[in-house]
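This is what each chain is made of:
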2 protein chains.
Amino acid sequence: MKDTQISIKDDFWNEYTELVRTTVIPYQWEALNDRIQDAEPSYSIRNFRIAAGLEKGEFGGWIFQDSDLYKWLEAVAYSLERQPDPELENIADEAIELIGQAQHENGYLNTYFTIQEPGKEWSNLYEAHELYCAGHLFEAAVAYYRATGKRKLLDISCRFADLIASLFGKEPGQMQAYCGHPEVELALVKLYQATGEERYLNLSLYFIDERGSKPNYFLEEWERRGRTTIWAQGEPNLEVYQSHLPVREQPVAVGHAVRAVYLYTAMADLARLTGDVKLREACERLWANTTGKQMYITGGIGATHLGEAFTFDHDLPNDIVYAETCASIGLIFWARRMLQLEAKSEYADVMERALYNNVLGSMAKDGKHFFYVNPLEVWPEASAKSPDKFHVKPVRQKWFGCSCCPPNVARLLGSLDEYIYDVSEDGSTVRVHLFIGSEVAFETGGRKIVINQKSELPWNGQVEFKISLQEDKGDVPFMLALRIPNWFSSKEPVLKINGESVRYHVDKGYATVYREWQDGDQVEWLLPIETLLIAANPLIRADAGKAAIQRGPLVYCVEEADNGKPLASLSLAEVPELSASKASELLGGCVVVEGNGVVIDNSGWVEGQPYQPLTKHRESVRFKAIPYYLWGNREPGEMNVWLRY
Amino acid sequence: MKDTQISIKDDFWNEYTELVRTTVIPYQWEALNDRIQDAEPSYSIRNFRIAAGLEKGEFGGWIFQDSDLYKWLEAVAYSLERQPDPELENIADEAIELIGQAQHENGYLNTYFTIQEPGKEWSNLYEAHELYCAGHLFEAAVAYYRATGKRKLLDISCRFADLIASLFGKEPGQMQAYCGHPEVELALVKLYQATGEERYLNLSLYFIDERGSKPNYFLEEWERRGRTTIWAQGEPNLEVYQSHLPVREQPVAVGHAVRAVYLYTAMADLARLTGDVKLREACERLWANTTGKQMYITGGIGATHLGEAFTFDHDLPNDIVYAETCASIGLIFWARRMLQLEAKSEYADVMERALYNNVLGSMAKDGKHFFYVNPLEVWPEASAKSPDKFHVKPVRQKWFGCSCCPPNVARLLGSLDEYIYDVSEDGSTVRVHLFIGSEVAFETGGRKIVINQKSELPWNGQVEFKISLQEDKGDVPFMLALRIPNWFSSKEPVLKINGESVRYHVDKGYATVYREWQDGDQVEWLLPIETLLIAANPLIRADAGKAAIQRGPLVYCVEEADNGKPLASLSLAEVPELSASKASELLGGCVVVEGNGVVIDNSGWVEGQPYQPLTKHRESVRFKAIPYYLWGNREPGEMNVWLRY
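Residues numbered from 1 in each chain as written. Chains lettered and ligands numbered in written order. Predicted model: local features only at pLDDT ≥ 70, side-chain atom pairs only at ≥ 80, totals over all residues. Heavy atoms only, no water.

A. Geometry of the overall build of chain A. Scanning chain A from N- to C-terminus turns up 17 helices and 23 strands. Here the C-alpha radius of gyration of chain A, 25 Å, is about what a compact globule of 645 residues would show, namely 26 Å. Its C-alpha atoms put chain A at 80 × 75 × 50 Å along the principal axes. Long-range pairs, those at least 24 residues apart, make up 70% of the contacts in chain A with a sequence separation of at least 6. Carbon together with sulfur atoms contributes 46% to the accessible area of chain A, which is approximately 23,000 Å² in total. Charged side chains in chain A number 65 positive and 92 negative. The centres of these two groups are separated by 2 Å. (Helix = DSSP H or I, 4+ residues; strand = E, 2+ residues; numbered from the N terminus. Rg over C-alpha atoms; globule rule 2.2 N^0.38 Å. Contact = heavy atoms within 4.5 Å. Areas by Shrake-Rupley, 256 points an atom, 1.4 Å probe, with all protein chains shown as cover. Lys, Arg positive; Asp, Glu negative; His and termini not counted. Charge placed at Lys NZ, Arg CZ, Asp CG, Glu CD.)

B. Structural view of the relation of the copies chain B and chain A. When chain B is fitted to chain A, the best match, at an RMSD of 0.0 Å, comes from turning it 180° and sliding it 0.0 Å along the axis. As the rotation angle and translation indicate, the two copies are arranged about a two-fold axis. No C-alpha of chain B approaches the rotation axis more nearly than that of Asp388(B), which lies at 4.1 Å. (Least-squares fit on C-alpha atoms with pLDDT ≥ 70 in both.)

C. Examining the interface of chain B and chain A more closely. Counting residues at the interface gives 63 residues for chain B, matched by 62 residues for chain A. A buried area of about 5,300 Å², summed over both sides, lies between chain B and chain A, and 64% of it is on carbon and sulfur atoms. When residues of chain B are sorted by the area they lose upon contact with chain A, Phe312(B), Arg541(B) and Tyr611(B) head the list and together hold 16% of the total. In this assembly, chain B and chain A are joined by 4 salt bridges. With a closest N to O distance of 2.4 Å, Arg541(A) and Glu638(B) form a salt bridge. The interface formed by chain B and chain A includes 22 residue pairs in polar contact (both at pLDDT 80 or more). Elements with a minimum of two residues in the side of chain B that touches chain A: helix H12 (277–293), helix H15 (380–385), strand E14 (531–536) and strand E20 (611–613) of chain B. Ranked by the residues each element gives to the side of chain B that touches chain A, the list is headed by E14(B), at 4 residues. Residues that form the side of chain B that touches chain A fall into these classes: 33 nonpolar, 14 polar and 16 charged. In this sheet, E14(B) lies alongside strand E20 (residues 611–613) of chain A in antiparallel orientation, the contact comprising 3 bridges. (Buried area = accessible area lost by both parts, 1.4 Å probe. Salt bridge = Lys/Arg side-chain N within 4 Å of Asp/Glu carboxyl O. Polar contact = N/O pair within 3.5 Å; in protein donor to acceptor, adjacent residues only side chain to side chain. Nonpolar A, V, L, I, M, F, W, Y, C, P; charged D, E, K, R; others polar. Pairing = 2+ DSSP bridges.)

D. Inspection of the packing of aromatic side chains at higher detail. Taken as a whole and judged by the stated rule, the model has 73 aromatic pairs over all chains. Measuring from centroid to centroid gives 5.8 Å for Trp13(A) and Tyr16(A), while their planes differ by 55°, and the two rings are tilted. Taken together, the positions of Trp13(A) and Tyr16(A), both in helix H1 (residues 11–32) and 3 residues apart, correspond to about one turn of that helix. The same class applies to Trp13(A) and to Tyr16(A), which are both buried. Between Trp287(A) and Trp334(A), the ring centres sit 5.0 Å apart and the planes meet at 75°, which makes this aromatic pair edge-to-face. Note that Trp287(A) is positioned in helix H12 (residues 277–293) and Trp334(A) in helix H13 (residues 325–341), a separation of 47 residues in sequence. According to the relative accessible area criterion, Trp334(A) is buried, its value standing at 0%. We note Arg431(B) situated over the ring of Tyr510(B); from NZ or CZ to the ring centre the distance is 4.9 Å. (Phe/Tyr/Trp six-rings, centres within 6.5 Å; stacked < 30°, edge-to-face > 60°. Buried < 20%, exposed > 50% of the residue type's maximum accessible area, 1.4 Å probe, protein only. Lys NZ or Arg CZ within 6 Å of the ring centre and 35° of its normal.)

E. The arrangement of the environment of Arg225(B) in detail. Residues and elements named next belong to chain B. You can see arginine 225 is positioned in the loop between helix H10 (217–224) and helix H11 (257–274). Considering only alpha carbons, one finds arginine 225 and isoleucine 332, 107 residues apart in sequence, at a separation of 36 Å. When residues no more than four places from it in sequence are discounted, the contact partners of arginine 225 are Ser123, Asn124, Tyr126 and Glu127.

F. The pairing of strand E15 (residues 546–551) of chain B, seen in detail. All names here are of chain B. Most of E15 is tucked away, with 6 of its 6 residues classed as buried. Every second residue of E15 is oriented toward a common face, with Lys546, Ala548 and Gln550 on one face and Ala547, Ile549 and Arg551 on the other, all of them buried. Direction of pairing for E14 relative to E15: antiparallel, over a ladder of 4 bridges. By the bridge assignment for E15, threonine 531 is matched with arginine 551.

G. The UniProt feature "domain: Non-reducing end beta-L-arabinofuranosidase-like GH127 middle" (unreviewed entry) in chain A, seen in detail. Mapped onto the present numbering, the UniProt feature "domain: Non-reducing end beta-L-arabinofuranosidase-like GH127 middle" (unreviewed entry) falls at residues 429–528 of chain A. Here residues 429–528 of chain A runs as 0% helix and 59% strand, with 25 Å between its end C-alpha atoms. (UniProt positions renumbered as here; feature names shortened; annotations may be inferred.)

H. Local environment of the nonpolar core. Counting 227 residues, the largest nonpolar core has Trp13(B), Phe138(B) and Trp525(B) as its most contacted members. Examining the composition of this core, we find that 12 residues originate from one element, H11(B), more than from any other. In this structure, Val240(A), Met363(A), Ile420(A) and Ala536(A) belong to the second largest nonpolar core, which totals 225 residues. (Core = buried A, V, L, I, M, F, W, Y, C linked by side-chain atoms within 4.5 Å.)

I. Focus on unusual backbone geometry. Omega for the peptide link from Leu457(A) to Pro458(A) comes to 0°, which places this bond in the cis form. Its location among the elements puts Pro458(A) in the loop between strand E6 (447–455) and strand E7 (462–469). Positive phi, close to 40°, is recorded for Glu577(A), a residue that is not glycine. Along the chain, Glu577(A) falls in the loop between strand E17 (570–572) and strand E18 (579–583). At Leu587(B), a position not held by glycine, the phi torsion is positive, near 55°. Position of Leu587(B) among the secondary structure elements: in the loop between strand E18 (579–583) and strand E19 (590–600).

J. Inspection of the packing of helix H3 (residues 66–82) of chain A against helix H4 (residues 86–102) of chain A at higher detail. All names here are of chain A. At a closest axis distance of 11 Å, the pairing of H3 and H4 adopts a crossing angle of 145°. In this structure, H3 meets H4 at a crossing whose hand is left-handed. In this structure, H3 uses Leu69, Tyr70, Trp72, Leu73, Val76, Ser79 and Leu80 to contact H4, whose residues at the interface are Leu88, Glu89, Ile91, Ala92, Ala95, Ile96 and Ile99. Residue composition of the contact of H3 with H4, grouped by class: 12 nonpolar, 1 polar and 1 charged. (Axes fitted to C-alpha atoms, helices over the stretch in contact; angles between N-to-C directions. Left-handed = near helix turned anticlockwise from the far one by under 90°.)

K. Fine view of the sheet that holds strand E3 (residues 421–423) of chain B. Residue and element names in this part refer to chain B. The strand order across the open sheet built from 5 strands is E3-E4-E8-E12-E11, with neighbouring strands paired in mixed fashion. Each having just a single partner strand, E3 and strand E11 (505–507) make up the two edges of the open sheet. Taking the axes of each pair of neighbouring strands and ignoring which way they run, one obtains an average angle of 25° across the sheet. For E11 and strand E12 (residues 510–517), the ladder comprises 3 bridges, and the chain directions are antiparallel. Counterpart to aspartate 507 in the pairing with E12 is tyrosine 510. The sheet contacts of helix H14 (residues 345–361) involve strand E8 (476–483) and E12, and relative to E8 the element is tilted by about 55°.

L. Looking closely at the side chain of His244(A). Structurally, the position occupied by His244(A) is in the loop between helix H10 (217–224) and helix H11 (257–274). What His244(A) contacts, discounting residues up to four positions off in sequence, is Leu238(A), Glu239(A), Gln250(A) and Val254(A).

M. Focus on the sheet that holds strand E3 (residues 421–423) of chain A. All names here are of chain A. Read across the sheet, 5 strands follow the order E3-E4-E8-E12-E11 without closing on themselves; strand pairing throughout is mixed. Looking along the sheet, the strands with just one partner apiece sit at the ends: E3 and strand E11 (505–507). Neighbour to neighbour, the strand axes of the sheet diverge by 25° on average, direction disregarded. Packed on one face of the sheet, helix H14 (residues 345–361) meets strand E8 (476–483) and strand E12 (510–517) and runs near 55° to E8.

What follows is the structure, given as structure tokens:
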């Protein structure tokens, strides 16, 4: 994608990218400075100031708190790249200055160990997140360098990366080890791409190769630490920490979901960059398992809050769910790399599913409140009173003690343009993964091309591309490949060029058209958006006898605000007659789905009577469903994605 | 019930009482002596030997391990009372000897503190279970004294109780405190009843009155201990430990379910013995809440394993359920006391429900394997692989590290005769709560009466009573009150006396007949047993759109062994046509229920495809359901009580 320029111009998404720029980034800066009232403090900036010697005090927050500042800086970089903002850049420069002051002479950088346990660096790779934080530093540095051309953070990163490269590896005296939380691996690939220094790629590969080898490093380290750990008791949980098996031998996705997908992301990068077939096969195998057997219809992954982890195939409870925001974001990172490895539409399908549902739903319309856990079924009283559901919040929170998710949303939405297209090196193929209004400019055969995409998604399937050839030197041949979305429609998309229907070839889920394009060519890509009832595989016990509503990329849900409670009493009628209509006043404007439902008639029930013979008295109702991503923006209430039929 | 003699003669129940006598009691003695291979060790006897100075070593097991031996002795006492066994009595006498040797000069008795923390006695009433263990000692002592006439254990108990009475109370220098696990309160009532010493009744009442008062003792004690606890971190959880409110002010059942019902049991005893109206109202209020809003259809209580606790009204998940065996046993204890407080059939209904379902199902047919948690929905793979369900075992266990449940089952089943009848002081009313073949002998107006009950329950509703007047002195007047079970039948039971149908008066759920009885009178009580589909209150979200099968007192379930898997794919047909039939070969003989079901056709599903448009292809099947109490006695597999309709 050398020299490819992409910018988003889309009514739906610009609302979010603007929100990130104007609200999320400033708000999160306040949060990092502990200036949000009644929110959990972050301690991030304060930790850096203490580590830099500018303030006295104890380290605050989680051991990986540094990463929040780095993720924020990465989001800032994306924002500055798209829209210059000298004031914001100034704030970021000052933060970078502070980071530099906290760095040790030898390149080491981690405020926890600097403040709290100097001398104990690298003694707890299992839990202490030093390399994880380094990874987020590198990602921020690469983004900031790309956005501003300023090398300061990149230099800080390279010094730290060089220190790490000197400490870890197979040479005598080096640690043969890796981090308990994958992240540095994918970040080192970015650092390699930004600097061209192969040693960073090799270090990433080393970490990937070392992981899960025997004897197990985490077990040895645990013994050295006198069998102590920070959090859980007992022996290290190798699955949760992605250390149970060498990565190429892992048959299914297990363990902490964010750790897993961050790891898989780096694996996919490295499989592409090194051509390692075993690594690629592992990626494909883990992808098939994750998205085929362990993914919620919303694109959420990680079924249990205990270890924030995958459990096992088809175990996807809707109410005690985890489906962490960061895990879906990591799934999007991974899907993006899988697309680069092989242009198959299923990767983009999952990317889109996670983006429009789990991730988008994690942030409130105000950009200041976030979900960490993204449930598919909510009973607010249970969230308040059942310890099994304390982690499932019915209302987005201002900030979290462990606030990995909000800045992760900011950096994803801020760099969303990177997920829409793939243009081949020579510009001979332009592949459209996501239908988001945008402009892509690239070169092929020495000619500059600009494609303008217009999209009415997610509400309407009308997508248009206008092709502009910048110079008047005749037609330009290239292949346009348009993703055929897996929205379960029975109809096929229609392709029109300059108003004429055109037959297209299908290649791995992409409609491809190769032709000599003329300036001003108009392409219409008419996607059939139907309002459908979707069933889950019968092996997913939690969804048996139930259906979810999906319309285009959007999964729908019913809320108490529209349908009363208990929502569990509502089921689909024999003939649901679903209808979709624009509700411009509702939640900032959306398409609502209405349908025929039946509600259990509770008139025969006496207060305090728990059981009685079954009667099938039912009341017919017309229910209303809203897009899942908009749930929880009104009064706290019950919510349900899967409806009994 | 002075001078009332009751003995069980019942095909169904004698199998269990015999199992307790011939298998459970000897097996548990082996367990207490750590002689069961591959089972969690108990350490019980070993702890007493160490405390008695006969052996050296560390204390083993939970801090409340002493109670296992006491509960076993109580079960032995019931067994000896019903069937003398010199060898067993000898073993018990030796165990009692050992207990005596472990008792301190001043009466104190607790092997944990004697071995592990001498000098720290009474410093952790919140968690250390000293009074709880004392309570089980007293219960065992009373039972053993009644069974054998031997006072040794009773004397040990009285010495300990007297020490306790001197230490706790409102006098200067006394601790104004109570135990974190209620039990001693109900045991002191028994000690009072056995000895006639009112100081034990008063001590019980003191504990009940003190509980939940302010300033809170557990918080003060926690401060004194330097804010440390044994188990959970942080401030004491007053709800879990039944210390959040004075008992008379508690509006709903909260906290650890066993602690709660043991407490309520004592409250009901004291309300009856003291006539305390406020206490009685609290019992009735908590009863209505527990059984009307927080009880599973199986009679299980306590919805969450976190704190083994109640959660809140109508929160009764079937799969992450707790429904601890001991909690249902405690519910039976409480129901028994409520019946003594007021003879209302609903108390006996709950008693019967918990007994025939949750409690009976907790023990394997071999008497050697037990459930601690009694789920209503089981997916063995989830129990193995999802940390949210590790506590839900698909197979009964040999023993538990915390093995409160098995000896509790033994002492309940061993004393089941005490739950069948209530005969008024003067013998003028005989009330039949449970329909269990048995003989009750009592006196009224100086005449001795024997009633023989024959019952074919739970399979058949035919119950017969034969009245025998021992001497030939003419007819005897008394009232026979027969419970009208709430099995949801639309028909009324038929009462026949000497073959003639008789109309009866209904008083609080009991059919009452007052007459001059003649020797040889035959009473038939014909209970309509129908196979019914039962619905849960619509506020119980977990059971919405589902029905359970109940036949007489038995709740039914479907198992993978009969119906394949996934069981979630099975639902009830529009017209289920339930039929019941005797299956004499199945699981030792039972009545199975068959019905029309539909199974989701999974033929259209490709391996690894998680979601697709809903089709309603269904396959008709005839499913088979077995009594819930028999589940899990074949190959481990899925099980389900609630079926979609």
